[in-house]
Structures are given as C-alpha cells and as structure tokens.
Amino acid sequence: PTSINLSVGSLLAPFANAFNTMATRLTSIMSSQKEMTYAVSHELRTPLARMKFALAMTESSASGSALQRQLDSIARDVIEMENLINSLLTYASFEQKAEPLDQREGHMEAMLLEILARLDNPRGIKIRIDNQAMLQAFTCEWTLMQTALHNLLQNALGFAQQNIVVTMGVTEQSFWVSVEDDGPGVPEAQREYIFESFVRLYGESDLNRHSGFGLGLAIVKRIMVWHGGSVSCSQAAQGGAKFLIQWPKK
C-alpha cells in the first residue's frame, strides 16, 4: 500500500503513522472483499447449475412424483443459497467491527451448557465438559465468545465419530477453552490454512455431508484477535482435531 515515510523526530510523524495504519487496513479490507467476491461466485455456481438442471427436467417430467422431486431439489438449493448469503452477512459484520469489546465477568460452563442445548446433533455425538477452572469466572465479550464456541462445536460435530470433549481453564495470565473430537483430525500442513475464509476440509466419512461454507473458523479467528488472543489447531488425545482458544486477562 501507499505509505508516508518520515523521520521519527518529525512533527508530522504521528499523522504519517495514522495514515499508514489506515492505508494498510483499507488494503486488507479490499483484499478480503476481492477474495469474498470470487468465493461467492464459486459457491453460487453449483446450486444454480443444479436448479437449471432441475427446471429442465420438470419440462419432461411425466409423473407428478417426478415433478415433485425436482421441485424439492430446487427448494433445497434455494435454502442453500439463502444460508450462504446469511453466512456472508455475518462474516462481513465481523470484518467491519471497530468498537471496543464489552468484556464482563461470567461463568463459561453455564454458557457452554446453553450452547449444547441448542446444537443440532442428529447423530447423537456425546459431548463432555471438563471444567478445570472450577468456580473461577471468565472475562470476555460474551456474545462474541458464544459465537466462537458455537462454531467450534458445530465444526467438531461435523467430524466426530462418537465423542467431543470441551475443556476450560484459567492461568495467571489467561483464559482458555479447548474443543477436541475423535474424528480424522486435520493434517499438520493445513492447520493454519483452515482459519482462512472459505476453506473447508473433508474427512473420509464427510465426503457426502454438507460441511458449511468455510466461514466458521475464520470468524473464530477474528473474534480471538479482537480479544487479543489466538486460536490454534493440533492433534487431540482422541486422535482427532483439537482447537484451542486463549485470551489474556484484562
């Protein structure tokens, strides 16, 4: 990006630094928007192609049942496109957030139990909470942290075979929560890449399952950056993936 270079002792140095920071931020936003435009175009091509095919088939459908199947297929594609648009709007709102976080004290386990009560878990995956923080309170922006943990748990449900373990703890300097599953795990070479927008991974048992739009983990990363923290991926004790979020105490 275009930048202004002045000596440290210049009276205009603070203004130059502010300009350079703004220019870097604008370049990042423009790059993100360009990436999003390309990704959206790619994501929409598949359901649109299916809808065109289904509409063509309706013209030659001889029976009412065949026609209904094609209409049901179109309806599913419309829902998929609607979900993509909603995901994009959510991601865009996180990209543009600028106001300070409203961090308050609260109990992490209580919020996790609320999230678990609302999770869609059709395969009956067992989810266990290991609260190593005991009665210690956590400090964070709770609405954002709820979104981050919901995304991590939803991701784990997509790959777990039977079990998910959520562990939380507090150290002298930070708070942390981990989500581990017993699925196929994430190859080491891709553990940083998966936090970029529109990145999706498929395990052997997931090739025929819808896996979202690749925005969930990107949103988690953004939320942790706002908290001054981080998110990382490693191998879980159960052999699957382990996602760890941690952020400093204020």
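Computed from a predicted structure; not experimentally measured. (Residues numbered from 1 in each chain as written. Predicted model: local features only at pLDDT ≥ 70, side-chain atom pairs only at ≥ 80, totals over all residues. Heavy atoms only, no water.)

Caption draft 1: Representation of unusual backbone geometry in the model. Notably, methionine 134 is not glycine yet its phi reads approximately 55°, a positive angle. Relative to the elements of secondary structure, methionine 134 occurs in the loop between β2 (126-131) and β3 (138-140). (Helix = DSSP H or I, 4+ residues; strand = E, 2+ residues; numbered from the N terminus.)

Caption draft 2: A look at the nonpolar core. In this structure, Met108, Phe138, Met145, Leu149, Ile245 and Trp247 are the most contacted members of the largest nonpolar core, which totals 41 residues. Going through the elements one at a time, α3 (108-118), β3, α4 (142-159), β4 (163-170), β5 (174-181), α5 (216-226), β6 (230-235) and β7 (241-248) are the ones with two or more residues in this core. Excluding residues within four positions of it along the chain, phenylalanine 138 makes contact with Arg104, Glu105, Gly106, Met108, Ala133, Met168, Gly169, Val170, Phe175, Trp176, Val177 and Trp247. (Core = buried A, V, L, I, M, F, W, Y, C linked by side-chain atoms within 4.5 Å. Buried < 20%, exposed > 50% of the residue type's maximum accessible area, 1.4 Å probe, protein only. Contact = heavy atoms within 4.5 Å.)

Caption draft 3: Spotlight on the pairing of β7. Burial along β7 is one-sided: the face carrying Ala241, Phe243, Ile245 and Trp247 is buried and the face carrying Lys242, Leu244, Gln246 and Pro248 is not. Summarising the sheet, β5 and β7 pair through seven bridges and their orientation is antiparallel. Within β7, the residue paired with phenylalanine 175 across the bridge is tryptophan 247. As paired elements, β6 and β7 share six bridges and run antiparallel to each other. Directly across from serine 230, in β7, lies its bridge partner glutamine 246. Here β6 hands over to β7 after five residues, with glycine 239 in that stretch at a positive phi of 100°. (Pairing = 2+ DSSP bridges.)

Caption draft 4: Spatial organisation of α4. If you check α4, its first and last C-alpha atoms are 26 Å apart, about what 18 residues at 1.5 Å a residue would give, namely 26 Å. Within α4, the full set of buried residues consists of Trp142, Leu144, Met145, Ala148, Leu149, Asn151, Leu152, Leu153, Ala156, Leu157 and Phe159. Of the residues flanking the start of α4, the one acting as N-cap is glutamate 141, its side-chain oxygen 3.0 Å from the backbone nitrogen of threonine 143. (Expected span 1.5 Å × (residues − 1). Polar contact = N/O pair within 3.5 Å; in protein donor to acceptor, adjacent residues only side chain to side chain.)

Caption draft 5: How the structure looks around the side chain of asparagine 131. Positionally, asparagine 131 belongs in strand β2. A polar contact is formed between the side chain of asparagine 131 and the backbone nitrogen of alanine 133, at a distance of 3.0 Å. A polar contact of 3.2 Å, which involves the side chain of asparagine 131, links it to the backbone nitrogen of methionine 134.

Caption draft 6: Layout of the environment of alanine 16. Mapped onto the fold, alanine 16 is located in helix α1 (residues 13-60). Distance in space between the C-alpha atoms of alanine 16 and isoleucine 4 is 5.7 Å, their sequence separation being twelve residues.

Caption draft 7: Region of the structure containing the side chain of threonine 167. Inspection of the secondary structure assignment puts threonine 167 in strand β4. Setting aside anything within four residues of it in sequence, one finds threonine 167 in contact with Asp130, Gln132, Trp176, Val177, Ser178 and Glu180.

Caption draft 8: Region of interest: the packing of aromatic side chains. Applying the stated criterion across every chain, the model contains four aromatic pairs. Pairing phenylalanine 138 with tryptophan 247 gives two aromatic rings, centres 6.1 Å apart and planes at 45°, and the pair type is tilted. Remark: tryptophan 247 occurs in strand β7 and phenylalanine 138 occurs in strand β3; sequence separation between them is 109 residues. By the burial criterion, phenylalanine 138 is buried, and tryptophan 247 matches it. (Phe/Tyr/Trp six-rings, centres within 6.5 Å; stacked < 30°, edge-to-face > 60°.)

Caption draft 9: A look at a nonpolar patch on the surface. Residues Ile4, Phe19 and Met22 make up a contiguous nonpolar surface patch of roughly 250 Å² in combined accessible area. Structurally, the position occupied by isoleucine 4 is in the segment before α1. In this structure isoleucine 4 comes out as partly exposed when scored by relative accessible area, which is 35%. (Patch = residues over 30% accessible without salt bridge, like charges linked within 9 Å, V, L, I, M, F, W, Y side chains within 5 Å. Areas by Shrake-Rupley, 256 points an atom, 1.4 Å probe, with all protein chains shown as cover. Salt bridge = Lys/Arg side-chain N within 4 Å of Asp/Glu carboxyl O.)

Caption draft 10: Region of the structure containing the pattern of salt bridges. Applying the stated criterion across every chain yields a total of two salt bridges. Salt-bridge contacts for aspartate 102 lead to arginine 104; the nearest nitrogen and oxygen are separated by 3.2 Å. The exposure class of arginine 104 is exposed, given its relative accessible area of 54%. We note a salt bridge from glutamate 196 to lysine 221, for which the minimum N-O separation is 3.4 Å. One end of the pair, glutamate 196, is in the loop between β5 and α5; the other, lysine 221, is in helix α5, with 25 residues separating them in the sequence. On the basis of relative accessible area, glutamate 196 is assigned to the partly exposed category, the value being 35%.

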